[in-house]
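Results of the structural survey
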Amino acid sequence: MAAKLKFLSSVEALLGFIFPEVCRACGVSINLSQNNQKSYSPKNSFFCGDCWEKIIRIKGPFCPICSAPFRSEMTMLHSPGHQCGDCREDPPYFSKAISPYPYEGVLAKAIQLLKYEKHSALSKTLVSLCMDELLQLEIDCVAAIPLHITRLREREFNQSLLLAKEVARCLNRPLIVNLMKRTRETQAQVGLSKNKRKKNIQGAFSVLSPECVVGQRIVLLDDVYTTGSTLKEGAKTLVRSGAKEVVVMAPARMVLGNA
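An account of the accompanying structure is given in this report. Computed from a predicted structure; not experimentally measured. Residue positions are given per chain, counting from 1 as you read along its sequence in written order. Local features in this predicted model are restricted to residues of pLDDT 70 or higher, and side-chain atom pairs are both shown and tallied only at a pLDDT of 80 or more, whereas totals for entire chains, interfaces and linings draw on every residue. Side-chain measures here rest on the full set of heavy atoms in the structure, leaving out hydrogens and waters.

Points about the overall build of the protein
Inclusion rule: A run of H or I in DSSP counts as a helix once it spans at least four residues, and a run of E counts as a strand once it spans at least two, with each numbered from the N terminus. Working definition: with a 1.4 Å probe on protein chains only, accessible area under 20% of the residue-type maximum means buried, over 50% means exposed, and in between means partly exposed. Any pair of residues with heavy atoms lying within 4.5 Å of one another is described as a contacting pair. All accessible areas in this document rest on Shrake-Rupley with a 1.4 Å probe, and a residue is counted as covered only by the protein chains that are shown.
Helices and strands together make up the secondary structure of the protein, namely 10 helices and 11 strands. Taking all 259 residues of the protein together, the buried fraction comes to 45%. Taking the intrachain contacts of the protein between residues at least 6 apart in sequence as the baseline, contacts between residues at least 24 apart amount to 69%. Accessible surface, the protein as shown: approximately 14,100 Å² in total, 53% of it carbon and sulfur.

Points about the sheet that holds strand S8 (residues 217-221)
Sheet strands associate in pairs through backbone hydrogen bonding, adopting either a parallel or an antiparallel arrangement. Note the threshold: Pairs of strands are assigned from DSSP output, requiring at least two bridges between the strands. In this analysis, axes come from line fits to C-alpha atoms, helices being fitted only over the stretch in contact, and the angle between any two N-to-C directions falls in the range 0 to 180 degrees.
Within the open sheet, the four strands sit side by side as S3-S10-S8-S5. Their pairing is parallel. In this open sheet, the two strands that pair with only one neighbour each are strand S3 (96-98) and strand S5 (141-144). Taking the axes of each pair of neighbouring strands and ignoring which way they run, one obtains an average angle of 25° across the sheet. In this structure, S3 lies alongside strand S10 (residues 245-249), joined through three bridges in parallel fashion. Following the sheet pairing, Ile98 is matched in S10 by Met249. On top of the sheet, helix H8 (residues 159-171) reaches S5, S8 and S10; it is set at about 170° to S5, its chief contact.

Quick look at the packing of helix H9 (residues 194-201) against helix H10 (residues 229-240)
Selection criterion: A crossing counts as left-handed when the near helix is turned anticlockwise from the far one by less than a right angle, and as right-handed when that turn is clockwise. Residues were grouped as follows: Ala, Val, Leu, Ile, Met, Phe, Trp, Tyr, Cys and Pro as nonpolar; Asp, Glu, Lys and Arg as charged; and all remaining residues, including Gly, as polar.
Viewed as axis vectors pointing N to C, H9 and H10 meet at an angle of 35°, and their least axial separation amounts to 9 Å. Helix-helix and strand crossings are classified by hand; for H9 and H10 the assignment is right-handed. Contacts between H9 and H10 involve Lys194, Arg197, Lys198 and Ile201 on the former and, on the latter, Ser229, Thr230 and Glu233. Each residue belonging to the contact of H9 with H10 can be placed in one class, and the counts come to one nonpolar, two polar and four charged.

Here we look at the pairing of S5
Here S5 shows a buried face lined by Cys141 and Ala143 and a second buried face lined by Val142 and Ala144. Pairing geometry for S5 and S8, over four bridges, is parallel. Looking at the pairing, Cys141 lines up with Ile218 of S8.

A closer look at the packing of aromatic side chains
Two numbers describe a pair of aromatic rings. These are the distance of the centres and the angle of the planes. Condition: Ring pairs are drawn from Phe, Tyr and Trp, using the six-membered ring of Trp, whenever the two centres fall within 6.5 Å, and their geometry is named by plane angle: stacked under 30 degrees, edge-to-face over 60, tilted for the rest. Charge-over-ring contacts are defined here by two conditions on Lys NZ or Arg CZ: a distance within 6 Å of the ring centre and an angle within 35 degrees of the ring normal.
Scanning all chains against the criterion turns up one aromatic pair. A cation sits over an aromatic face here: Arg253 above Tyr225, 4.3 Å from the ring centre.

Quick look at the side chain of Ser123
What counts is decided by this rule: Here a polar contact is taken to be a pair of N or O atoms separated by no more than 3.5 Å, where protein atoms must pair a possible hydrogen donor with a possible acceptor and residues adjacent in sequence count only if both atoms sit in side chains.
Structurally, the position occupied by Ser123 is in helix H5 (residues 122-128). Of the residues examined, Ser123 reaches a relative accessible area of 7% and is grouped as buried. One polar contact links the side chain of Ser123 to the main-chain carbonyl oxygen of Ser120, over a distance of 2.8 Å.

Any link to function would need more than the numbers given here.
Right, here's the structure in full:
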């Protein structure tokens, strides 16, 4: 057995020499045996350690509900529970949003590789970035923002479901695959204004398994938090169907600077 493992390791090393992995961010060849493993878990063969370490958390203070960063560090000095304008004017149905990194640079590239090039292994790497927040959650089950059947057939997989599957594994909680469905095909949210995003997604979800929702604390996954319209609508659907609490999560968020 040891000889077989040694042989496979030698073959892997040879292939790595002949066909070196190239960092998708900077183009430098990656020596997997020397990659900086402290930057990510599990092993990431898409980006070099130097590039991956450029992913920096969004600095606070944050809205205690949607986690949008405030422009001024003084915002919550005299009012620790101060909420952003959006959460005050239109309170979301979720109790908290977890989205600790800006959608830019290497992280944006990683999400695009997962979403559009079907590199599913990146789901583990992306979820590992949020491990500190995940371990603080008290939840009963995990779910994902669903794709409409037409979009699912085109893409062949749901990237949010891959993220949810990894979160469920990390937290040792059940993943409810068919908890919700899209009742209608919506326009792609990319490029739409905040108001158009909200209108586009309104009433787009329904619960398929009400018995899995009632009284449950649910974490709902998506890939990117932009204006929050999609996750807000998903949380509303779950809460109105009897969920006790919904926490929403996306590894990255667009920092719009309007909190």
